[in-house]
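Coordinates in review
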Amino acid sequence: MKSYLVIPSYDTVILPDVDYQLGVEELNEDEKSRIKIDDNKVLIVPMKEAKGKMDLTMSDVYGLGVLADVLDINSTKVGYRVHARTREKVEITSLTGNGDILEATFEPKDEVLDITLKGEKDLLDTLKKDITELTTHFQGGQMAAGYVERCKSINELGAMFCQFLDMSPDEKYALLETDSMKQRGLLIEEALKRFKGTVDMQEALNDRYNATEGNFYKKAAIEKQIGLLQKELDDMDPDAAEEENDYRRKIEESGMPAEARKEVDRVLKRYMEMQPNDPDRASSENYLDFVTSLKWKPDELPKVDLKEARRILDKDHYGLDKVKERILQQLAVMALKNKQEGSILLLVGAPGTGKTSMGKSIAEALGRKYVRISLGGVRDEAEIRGHRRTYVGAMPGRIMEGIKRSGAMNPVVVLDEVDKLTEGGFSGDPSSALLEVLDPEQNNTFVDHYMNIPYDLSNVFFICTANSWDTIPQPLLDRMEVIQLSGYTPYEKEQIAKKHLLPRAMEDTGLTRKDLSVTDGAIRRIVSEYTSEAGVRGLKKQLDKLCRVVAAKLVEKRMEEESGASSETEEKCETAAGAENTSEKTAASEKADAETEKTEKKEKSKKITVKEKDVPEYLGNKGILHDRVQKHNPAGIVTGLAWTQAGGEILFIETTAMRGSGQIKLTGQLGDVMKESASIAASLLKSYYINSDLNFRERDIHIHVPEGAVPKDGPSAGITMFTALTSLVNNKPVPSDLAMTGEISLRGQVLPIGGLPEKLMAAQRAGVKKVLIPKDNERDLEDVPKEVRDHLTIVPVENVRQAIREAIGIELPKPAHNLFEKMKGDEENEPAEKK
Ligand code: ADP
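None of these values were measured; they are calculated from a predicted model.

Reading the values: the criteria
- Residues numbered from 1 in each chain as written.
- Predicted model: local features only at pLDDT ≥ 70, side-chain atom pairs only at ≥ 80, totals over all residues.
- Heavy atoms only, no water.
- Helix = DSSP H or I, 4+ residues; strand = E, 2+ residues; numbered from the N terminus.
- Buried < 20%, exposed > 50% of the residue type's maximum accessible area, 1.4 Å probe, protein only.
- Contact = heavy atoms within 4.5 Å.
- Areas by Shrake-Rupley, 256 points an atom, 1.4 Å probe, with all protein chains shown as cover.
- Phe/Tyr/Trp six-rings, centres within 6.5 Å; stacked < 30°, edge-to-face > 60°.
- Lys NZ or Arg CZ within 6 Å of the ring centre and 35° of its normal.
- Near = heavy atom within 4 Å.
- Polar contact = N/O pair within 3.5 Å; in protein donor to acceptor, adjacent residues only side chain to side chain.
- Nonpolar A, V, L, I, M, F, W, Y, C, P; charged D, E, K, R; others polar.
- Pairing = 2+ DSSP bridges.
- Right-handed = clockwise from strand over helix to strand, strands pointing away.
- Axes fitted to C-alpha atoms, helices over the stretch in contact; angles between N-to-C directions.
- Patch = residues over 30% accessible without salt bridge, like charges linked within 9 Å, V, L, I, M, F, W, Y side chains within 5 Å.
- Salt bridge = Lys/Arg side-chain N within 4 Å of Asp/Glu carboxyl O.
- Lys, Arg positive; Asp, Glu negative; His and termini not counted.
- Charge placed at Lys NZ, Arg CZ, Asp CG, Glu CD.
- Expected span 1.5 Å × (residues − 1).
- pLDDT = per-residue confidence, 0-100.

A tally of helices and strands in the protein chain yields 28 helices and 24 strands. Across the 835 residues in the protein chain, those meeting the buried criterion constitute 44%. Within the protein chain, counting contacts between residues at least 6 apart in sequence, those at least 24 apart form 75% of the total. Counting only carbon and sulfur atoms, one obtains 50% of the accessible surface of the protein chain, whose full area is about 43600 Å².

Structure (structure tokens):
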């Protein structure tokens, strides 16, 4: 009679036609080869009690077992996992130990077909419904329901679900013992009912007690049951179970709030039910990965140590004293209140003034993670707030994506270029979404459309940066405290270059102090001739370039020397070897000493020193051409000062007049505000010179601001235009090293302007000696570096009369007291003039 290898099982429901993952502690080589010899067939035989395999006798096992095909054997930490598909039921006729192998003979045992296919399906459906209903009583039960749903036969359902019901080994065996499928279904139903009874009773009991203790026990009991259930499920589909467990663990560990968990659990459930080729699978996976990699608990933060914070800010940034002071105040408030307090900082300044890198230092000073989110060119609300997941290729918004990147719930987030958010079109306004992000009233429940669950942003330390604040929507601006970074003076730039940029550039290129030194003169020349900016970005680029060129030169030099040195060493060796007597030897060693000295000198000569005159050799001849003041300005041309996003610049206002009909012509790409300034200047001029013999009616005036390709706007050229026109009509030039800035009113008053520090820096750089500024801007002078103030004669003026006196050295005529009368007179005079 044919015998097969026996795999004994304990306390497991063994049924025909079911896939099993059986844990086997031991499987020796003989057994493995026996399985192979038997064409992968084994007998699975239930034991009455757990016992060692080789001690088993017929009385220890139940009489029936199943024949099974072994599909796969995998080793695990505790032994092996045998994946087997059971076939028919068999009756065991003998059990014999044979060396290390337990084998048994058997006879097939038929089952009674007492149920139709349809009948079986109906019964199966009823059972599934009962089980699914039952699973709703447990946390995590939906997952079990998913598995139950996939069972295709009563046997599969019984084998899977009855494992963890409270059934004795005898009761479990009874399921195999019965020959009738119908009977088997009924047995399962009965076991279910019993189980449900216990659960109901437990729930009723717990409801009555409803005390913490009661809940505690209930929870522990249920968790134990879940654990058992989980283990069984894991054994049935190890890969899926591993993935699901992985996500569950991540969800658990992330500590997300209950509301978020609900949504994430829902997505996980759907994900687990999807077929591998489901097109939505990848997007659900991305979602799960995203929300589980977000941090849902704030990091523990060290206590803010102001002294240390100051040290860190000073370490990374030269100067910027006011900015640092303001930041330290904010940190002090936070240290006092022990929480996030105070307004959001907005650092405004030209590119390269250290706004972003300041943000990084603040993060370091606070011991927080740091992330930079660029908002330049964001047009769509969805870029801030994310796309709804119904869109193909939906993504989280930049804010949540940045928070994820930071790896913390309370990082320092630098929102770069908030002034470059473009006005929203049909796709929603990004600035209103940003408002929600920054508003402390709302941002503790910020909902990214993609995540669809609220996230608390109130622990984030936001710092915004912008080049200028005029394009920032007012409501956004209202929530921020503006800190101005007005750009660096040449002296400051030299210091930054020496203390920060050059050492960093050298480190990046692998150069040390032994390789390169750059003289102060050279740095001064680089600053003044090779950069033209308020910040230090261009300077950094130039120094990086210098280091690269030096590195290349050094390598070249060393290679040359090495080839030269190798031939010299050969010579030296020959001399030493040839020296036979002592005196010759002494001479040889002296020679060797001289050689060492030479090498040392050479070491020194390997160092490259860049002096002022060498700069073009490293950086090329093409320094940047600054607009510099002219040697001489003819009448009608005046030097003005402008503010641009890259800092201050000087500009020239040119005026001329020609025969015509009283027209005013403007050229040079002027914006609306500048056009208004021009017409105010022209009107004012006419009103002052109304009594003179200047005939404005037969003259055209042309005002031009060169460099037409640069669009210019801003209310600060009024005084310059007026002075240019006055200089023109009086034919008296204005000194070319005198510059001015200020808006004017029709009453002839000089009105205040913005960006004074940048403008004065530009003036100094361009060689201006004297500057006229609006009287009301006098108080801004404290923001202007002393170095700049010391180089300029700054004259505050209240009205155009003073300005003209200072600039041209003449007195403006008195304007007509009664203009209308005079105009009438004008007309009367006209025919006479024409004569
Ligand atoms: P922004 O954000 O204002 O455009 P960045 O922060 O990107 O400017 O600064 C550009 C570079 O200049 C960075 O490498 C930064 O470290 C350096 N930098 C700017 N200001 C200073 C400073 N005051 N001291 C030292 N380095 C500075």
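There's plenty left to go through after this.
Moving on, we get to the packing of aromatic side chains. By the definition in use, this model includes 7 aromatic pairs. Geometrically, the ring pair formed by Tyr247 and Tyr271 is edge-to-face, given 6.0 Å between the ring centres and 85° between the ring planes. Placement of the pair is Tyr247 in helix H8 (residues 238-254) and Tyr271 in helix H9 (residues 258-273), with a sequence separation of 24 residues. No difference in accessibility class separates Tyr247 from Tyr271, as the two residues are buried. Sitting above the plane of the Tyr287 ring, Arg389 keeps its charged end 3.8 Å from the centroid. The ring centre of Tyr618 lies 4.6 Å from the NZ or CZ of Lys553, which sits over that ring.

The immediate surroundings of the ligand are formed by 19 residues, with Gly352, Lys355, Thr356, Ser357 and Arg537 found nearest. With respect to the ligand, the side chain of Lys355 contributes an N or O atom lying 2.6 Å from an oxygen atom. One of the side-chain N or O atoms of Arg537 is found 2.4 Å from an oxygen atom in the ligand. Surface burial for the ligand is 91%, taken as the share of its 560 Å² of free accessible area covered by protein chains. Here the shell around the ligand is composed, by residue class, of 7 nonpolar, 7 polar and 5 charged.

The next subject is the pairing of strand E18 (residues 664-667). In this sheet, strand E19 (residues 699-704) lies alongside E18 in parallel orientation, the contact comprising 4 bridges. Within E19, the residue paired with Leu666 across the bridge is Ile703. Taken together, E18, helix H23 (residues 672-688) and E19 constitute a β-α-β crossover, and its handedness is left-handed.

Moving on, we get to the sheet that holds strand E8 (residues 370-374). With parallel pairing, 5 strands are arranged side by side in an open sheet as E8-E9-E12-E7-E13. Pairing within the sheet leaves two strands with one partner each, and these edge strands are E8 and strand E13 (480-485). Between one strand axis and the next, the sheet turns through 25° on average, direction left out of account. Pairing of strand E7 (residues 344-349) with E13, which is carried by 6 bridges, proceeds in the parallel orientation. Residue pairing across strands places Ile344 opposite Met480, the latter belonging to E13. Taken strand by strand, helix H12 (residues 321-337) contacts E7, strand E12 (461-466) and E13, and its axis lies near 150° from that of E13. The strands touched by helix H16 (residues 430-438) are E7, strand E9 (412-416), E12 and E13; relative to E12, the strand with the most contacts, the crossing angle is about 145°.

Turning our eyes to something else, we now look at a negative patch on the surface. On the surface, Glu25, Glu26, Asp30 and Asp100 cluster together into a negatively charged patch. Mapped onto the fold, Glu26 is located in the loop between strand E2 (19-24) and helix H1 (29-37). In this structure Glu26 comes out as exposed when scored by relative accessible area, which is 53%.

With respect to the secondary-structure elements, Asp17 resides in the loop between strand E1 (3-10) and E2. In this structure, Asp17 is in contact with Arg85, Thr86, Arg87 and Glu156, ignoring residues within four places of it in sequence.

The next thing to look at is H12. Taking 1.5 Å as the rise per residue, H12 with 17 residues should run 24 Å; its terminal C-alpha atoms sit 24 Å apart, in good agreement. Three or more residues of H12 are buried, namely Val323, Lys324, Arg326, Ile327, Leu328, Gln330, Leu331 and Met334. Structurally, H12 contributes buried residues whose contacts are with helix H11 (306-316), E7, helix H13 (355-366), E12 and E13.

Turning next to the confidence of the model for the protein chain. Averaged over all residues, the pLDDT of the protein chain equals 82, while 85% of them reach at least 70. Below pLDDT 50 for its whole length, residues 573-580 participates in 7 contacts with residues either more than four positions away or in separate chains. Considering only residues more than four positions removed or in separate chains, one finds that residues 825-835, a stretch of pLDDT under 50, has 2 contacts.

To continue, consider the pattern of salt bridges. Overall, the coordinates contain 57 salt bridges when judged by the stated rule. We note a salt bridge from Glu252 to Arg261, for which the minimum N-O separation is 3.2 Å. Residue classification places Arg261 among the partly exposed residues on the basis of a relative accessible area of 21%. Taking the shortest distance from any N to any O, the salt bridge between Arg266 and Glu263 comes out at 3.3 Å. One end of the pair, Arg266, and the other, Glu263, are both in helix H9, 3 residues apart, so they sit about a helical turn from each other. On the basis of relative accessible area, Glu263 is assigned to the buried category, the value being 12%.

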